[in-house]
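# Structural description and commentary
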4 protein chains.
Amino acid sequence: MKVILDFSVIPLGVGLSLSKYVAACERILQEKGLKYQLHANGTNVEGEWDEVFAAVKQCHETLHEMGVPRISTVIKVGTRTDKVQTMEDKVASVRSKLKK
Amino acid sequence: MKVILDFSVIPLGVGLSLSKYVAACERILQEKGLKYQLHANGTNVEGEWDEVFAAVKQCHETLHEMGVPRISTVIKVGTRTDKVQTMEDKVASVRSKLKK
Amino acid sequence: MKVILDFSVIPLGVGLSLSKYVAACERILQEKGLKYQLHANGTNVEGEWDEVFAAVKQCHETLHEMGVPRISTVIKVGTRTDKVQTMEDKVASVRSKLKK
Amino acid sequence: MKVILDFSVIPLGVGLSLSKYVAACERILQEKGLKYQLHANGTNVEGEWDEVFAAVKQCHETLHEMGVPRISTVIKVGTRTDKVQTMEDKVASVRSKLKK
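Residues numbered from 1 in each chain as written. Chains lettered and ligands numbered in written order. Predicted model: local features only at pLDDT ≥ 70, side-chain atom pairs only at ≥ 80, totals over all residues. Heavy atoms only, no water.

### Topic: the packing of aromatic side chains
Remark: the centre distance and the inter-plane angle together describe each pair of aromatic rings, the angle taken between the planes. Under the definition given, this model contains six aromatic pairs over all chains. Among the aromatic side chains, those forming a connected cluster through ring pairs are A:W49, A:F53, B:W49 and B:F53. (Phe/Tyr/Trp six-rings, centres within 6.5 Å; stacked < 30°, edge-to-face > 60°.)

Here it is in C-alpha cells:
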C-alpha cells in the first residue's frame, strides 16, 4: 500500500531552535532512500506504508537518543486504490485547474 | 516505545456518512485489545508504537476492502522518555490546573 | 457557519509540563461560554466559526502573555451544509454502527 | 500577531478529484495578496493572523457555494514572539543543519 504522507515533528523540552532535529529526521529519509520534500511546515514523503512509517518511528527514536525528552508529531497520510499518484501529480493537478 | 495517539480517518468517494467506517476502525482497536477513546473529532489510542500503528494501517486496509477508494488520515502522536503517562493522566493534569 | 473543531496547542520553550497552558485555553472557552470537551490529545469545541476561532486566537495571545515564546497548534475543523450536527451526534452515530 | 500556517482542505461528498477545490482556495489566497506555497499535502501561508484565517474561512464558504456539502480541514499554525521568521527562513534553517 503506497502512501503520500506529511509529517512535522515537534521536539519539546529542548528550547526554541528545532531545525537540527528536523535535519536529523531528514537524514533518516535520505539514508533510507525515500523520496521526500521539505517545506515550511513539515516534510512530504512518498513510498510504501511500512517503509515510510518505519522512518517516522526511527525519527522519534533518534531524537530521543539526541536527548529530546518529549516529541509531538503530526502526520497526514493518504492512500488510494483508484489510481497511482505521486507528490508531483498532486501539485500539477491543482496547477492545471488554476490556469482555467 | 509507548505512544499516545489521536487519529481521524476521512474516507473519500463514499458520500457524507462516515460513521460506519469509523466504527470499522474501532472494531479493529477492540479486536487488538488496544486501549482507546472515541471523541467527536477522532479516536485516542494508547499502546506500543508498533501495535498502535499496525491498527491504523489495518484500518486503511479494511476501509479499502469495504470499497473506499481514497482515505485521508490525520494522526497526532506523542512519545516521551521523561515519565510514563496515560491518556487519563493527561486529562487529569489539565483538570488539576483548572481548579487553581 | 457552524463548526466542530478540535485543537491542540503545543507551547515551546517552556519545558515539558504543558497542562497549565492547556488549562489557560480551557478557561478562555469557559469565559466565552463555548461548548467544549477536553480529551487526551486536544479539545473539541462547537460553535460559530468566528467565535470559535476568536477563542483559538485568544489562546495564542494569552499564552504569549504568560511568557511562552513559541506556539505550534494543530486544528481540525469541519463544516457541513447538509445537516446540523453536534459533537454528541458524531459520537452517537459511530456507536450506533458499532452495535450492528 | 504573525503566523506561518499550513492548511489542507478535504471536500466530502463530491467524489475523488479534489484539485479544483484546492485551486479555488488558492485563488482566494492570490486575490488577498497573501504569500503562500502549495505543496503535495497542503498549502503554506504567511501573514497576519486575522488575514490568514479570513482566507481559510472564505475557502470554506466558497467551497460550500460550489456545492460541497461537507468540508474537513486540517490547520497547523505557528506563532512566535522571540523572532521574526519567514517560511523561507524555516526551510533554510533545516538545510544549513543538514550540511554540517
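Next comes the rest of the write-up.
### Overview of the interface of chain D and chain A
Counting from both sides, the interface comprises 31 residues of chain D and, opposite them, 31 residues of chain A. Approximately 2600 Å² of surface area, both sides summed, lies buried where chain D meets chain A, with 57% of it carried by carbon and sulfur atoms. Here chain D and chain A share two salt bridges between them. The partner of A:D6 in a salt bridge is D:K76, and the shortest N-O contact between them spans 2.9 Å. At the surface where chain D touches chain A, the tally comes to 22 residue pairs in polar contact (both at pLDDT 80 or more). Residue assignment for the side of chain D that touches chain A shows that the elements contributing at least two residues are β1 (2-12), α1 (19-31), β2 (35-39), β3 (42-48), β4 (70-80) and α3 (87-99) of chain D. Of the residues forming the side of chain D that touches chain A, the biggest block, eight residues, is contributed by α3(D). Looking at the side of chain D that touches chain A residue by residue, the classes come out as twelve nonpolar, eight polar and eleven charged. (Contact = heavy atoms within 4.5 Å. Buried area = accessible area lost by both parts, 1.4 Å probe. Salt bridge = Lys/Arg side-chain N within 4 Å of Asp/Glu carboxyl O. Polar contact = N/O pair within 3.5 Å; in protein donor to acceptor, adjacent residues only side chain to side chain. Helix = DSSP H or I, 4+ residues; strand = E, 2+ residues; numbered from the N terminus. Nonpolar A, V, L, I, M, F, W, Y, C, P; charged D, E, K, R; others polar.)

### Examining the interface of chain B and chain C
On the chain C side, the residues contacting the 32 residues of chain B number 31 residues. Where chain B abuts chain C, roughly 2600 Å² becomes buried across the two surfaces, and 56% of that area is made up of carbon and sulfur atoms. Here chain B is connected to chain C by two salt bridges. For the pair chain B and chain C, the number of links is 22 residue pairs in polar contact (both at pLDDT 80 or more).

### Observations regarding the pairing of β2(D)
Residues and elements named next belong to chain D. Examined bridge by bridge, β2 and β3 share five bridges and lie antiparallel to one another. Of the residues in β3, the one forming a bridge with K35 is E46. Remark: two residues form the turn of the hairpin made by β2 and β3, two consecutive strands paired antiparallel. (Pairing = 2+ DSSP bridges.)

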